[in-house]
Amino acid sequence: MNQAIVLCAGAGSRFWPYNEVRNKCATPVVNEPAVRRLVRQIREAGIRRAVVVLGVHPGSVRSALHGVDGLEIAFVGVQGVPGTAACVHAALPLLDNSQRFAVFYGDVVTTQATVNRFLQTAAHSDAAAVALVQPVIPPERTIDWLGAHVQQERIEYVEGHSRDCEHRLCGIYAFTPSALPAIQNNPGIMTQVPVGGMPPLEAELAQSLQTLIDDGKEVLAVEVEGYLVDMDKPWHILEANRRVLDEMSRNLQESVIHPTARIHDGAEIKGFVLLGEGSEVGNRVVLEGNVFIGKHTRVVNGAIVGRAVAIGNHTRVSDYCLIGAYSVVGNRCIVGHGAELDGVMFDGAYLYHYCEIAGVVGQSVDIGAATVCGTLRFDDAETIHRIKGRREFPVHGADSTYFGDFSRTGVNVITQPGVKIGAYTCIGPGVVVYEDVPSRKLILLKQELVEREWGPERYGW
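Please read these numbers as outputs of a predicted model, since none were measured by experiment.

Rules used in this analysis
Residues numbered from 1 in each chain as written. Predicted model: local features only at pLDDT ≥ 70, side-chain atom pairs only at ≥ 80, totals over all residues. Heavy atoms only, no water. Helix = DSSP H or I, 4+ residues; strand = E, 2+ residues; numbered from the N terminus. Rg over C-alpha atoms; globule rule 2.2 N^0.38 Å. Buried < 20%, exposed > 50% of the residue type's maximum accessible area, 1.4 Å probe, protein only. Contact = heavy atoms within 4.5 Å. Areas by Shrake-Rupley, 256 points an atom, 1.4 Å probe, with all protein chains shown as cover. Lys, Arg positive; Asp, Glu negative; His and termini not counted. Charge placed at Lys NZ, Arg CZ, Asp CG, Glu CD. Pairing = 2+ DSSP bridges. Polar contact = N/O pair within 3.5 Å; in protein donor to acceptor, adjacent residues only side chain to side chain. Salt bridge = Lys/Arg side-chain N within 4 Å of Asp/Glu carboxyl O. Core = buried A, V, L, I, M, F, W, Y, C linked by side-chain atoms within 4.5 Å.

Engineer: Looking at this structure, how should I read the overall build of the protein chain?
Structural biologist: Within the protein chain, the regular secondary structure consists of seven helices and 40 strands. A globule of 461 residues ought to have a C-alpha radius of gyration of about 23 Å, and the protein chain, at 24 Å, matches this closely. For the protein chain, the C-alpha atoms occupy an extent of roughly 100 × 55 × 35 Å along the three principal directions. Burial status across the protein chain gives 53% buried among its 461 residues. Summarising the internal contacts of the protein chain: among those between residues at least 6 apart in sequence, 48% fall at separations of at least 24. In the form shown here, the protein chain has an accessible surface area of approximately 20600 Å², with 50% of it arising from carbon and sulfur atoms. Taken together, the 41 basic and 51 acidic charged side chains of the protein chain have centroids lying 3 Å from each other.

Here's what the structure looks like:
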């Protein structure tokens, strides 16, 4: 199998606030867009031609895939949000329809071993379709995903947001030419749902799998090897970065230091270091474990960096700041005097002067001095989020703060656990943020002042 379709057309409305300026497939994971990482993986697994389906924010996807070598990439655009089956149908004219092909959802983050094993299995199978599946293990909930009932490595049936299916569909499929009619004749709605399931009017590819099963054709199941994160909601950014960092850290068996890079004798190094061209680890710096540092980056003057941390290119981390374990600092960022970060910073973000940030900091976000993220509720419970009116129970990052792209905070802002701040939004000095703040808003604190006469006479003069 040497051809694939990569779907990057969705609006990503559940991904807010990070869907405002990019397609969610272009969201960085350890400083690389998720779709670029996925395309690299399918290239390594033997795919030689990929058709990328574009929809919302197409430029972000094109930019993310700029300069990918060893793979012929074609783009096709779709209007609106027609559904995954319709997107696949739009890409078919650019494929050789006499040959097998794979389909990858562009927001999937998984291991190279999973991609390799899936494509190898699909290439040697006589099944009409092959689907990647993952067991749903509590506290994950089956009702959050498109489900599959699997028996002896075969899918018996699929069901949208099932109460009973023990596996979830993972957004990676392979089809033979015999499956094309089931894709082309998709009913435009997921009919295979629990009673009262209320599916939207979208042509879901999972329904085409069910059509194949109803026609008596075999649909094979392949389980995920390692991890898989479908970046559907904002907290999945934290999960995806942590999973990838953990894998990278375990695979780093020795330090790799570019000849132009420098490590000061006064630095305390407790793990292995990957240090890029022209970068520096300075005096009094502490690296608590394996750390990945990009090009022309300075980690200097007493910075403390936890284990399994990635720091991008042209970035400064300095002046006794603290980067927590499994955190990511983007390209062209600054983490300065006394700042603390536990989470993910996108490119161009700025932390300074005693701020304490836990969560996701979007692109070019300016965090004001002494901005603090609350991470523990008084009832010790985790925050229940609402996405499009539905209650959500995140497994990772429930109490984190999510700062949208190009937002700003003034000095002494406090965010309560689990709040999301929209893109292009400013939070004024001294504001305590208790609820999600929409995009493109300015929030200022209104205070009441008392003015009285005062002077030497108050002191007996």
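Picking up after the structure, the text goes on.
Engineer: I tried to follow the sheet that holds strand β27 (residues 334–335) on my own but got confused; where do I start?
Structural biologist: Where strands meet in a sheet, backbone hydrogen bonds hold them as pairs that are either parallel or antiparallel. As summarised here, the arrangement of the six strands in space is β15-β18-β21-β24-β27-β29, forming an open sheet in which the pairing is parallel. Across the chains shown, the open sheet's two edge strands, defined by having one partner strand only, are β15 (262–263) and β29 (350–351). Pairing geometry for strand β18 (residues 280–281) and strand β21 (residues 298–299), over two bridges, is parallel. Within β21, the position partnered with V281 by the bridge is V299.

Engineer: Explain the side chain of S439 to me, please; I cannot follow it from the model alone.
Structural biologist: Mapped onto the elements of the fold, S439 is located in the loop between β39 (432–433) and β40 (442–443). Since its relative accessible area comes to 16%, S439 is described here as buried. A distance of 3.1 Å separates a polar side-chain atom of S439 from the backbone nitrogen of A423. S439 has contacts with W16, E20, G422, A423 and T425, leaving out every residue within four places of it along the chain.

Engineer: When you look at the environment of V68 in this model, what are you seeing that I'm missing?
Structural biologist: As for its placement among the helices and strands, V68 is situated in the loop between α2 (58–64) and β5 (72–77). As a C-alpha pair, V68 and P135 span 67 residues in sequence and 33 Å in three-dimensional space. Residues within four places of V68 in sequence aside, it is in contact with R36, V39, R43 and I73.

Engineer: Help me out: how do you make sense of the pattern of salt bridges in this one?
Structural biologist: Think of it this way: side chains of opposite charge can pair up when their charged atoms draw near. In the structure shown here, the tally under the stated rule is 26 salt bridges. Residue K270 is joined to E268 by a salt bridge in which the shortest nitrogen-to-oxygen separation is 3.7 Å. Three or more residues are tied together by salt bridges with common partners; here these are R14, K24, D107, R141, D144, D232, K233, R390 and E392.

Engineer: Would you take a moment to explain the nonpolar core for this structure?
Structural biologist: Nonpolar side chains in soluble globular proteins tend to end up buried together. Counting 75 residues, the largest nonpolar core has I5, F101, V103, I155, L169 and F175 as its most contacted members. In terms of residues, this core owes the most to one element, strand β11 (residues 167–175), which gives six residues. Every residue in contact with V103, bar those within four places of it in the chain, is listed here: I5, L7, V88, G171, I172, Y173, F175 and L205.

Engineer: Would you mind going over the sheet that holds strand β35 (residues 408–409) with me for this structure?
Structural biologist: Spatially, the three strands line up as an open sheet ordered β35-β38-β40, and their pairing is parallel. Since the sheet does not close on itself, it has two edges, and those belong to β35 and β40, each with one partner. As judged from the two bridges shared by strand β38 (residues 426–427) and β40, these two strands associate in the parallel manner. Note on β40: the bridge partner recorded for C426 is L442.

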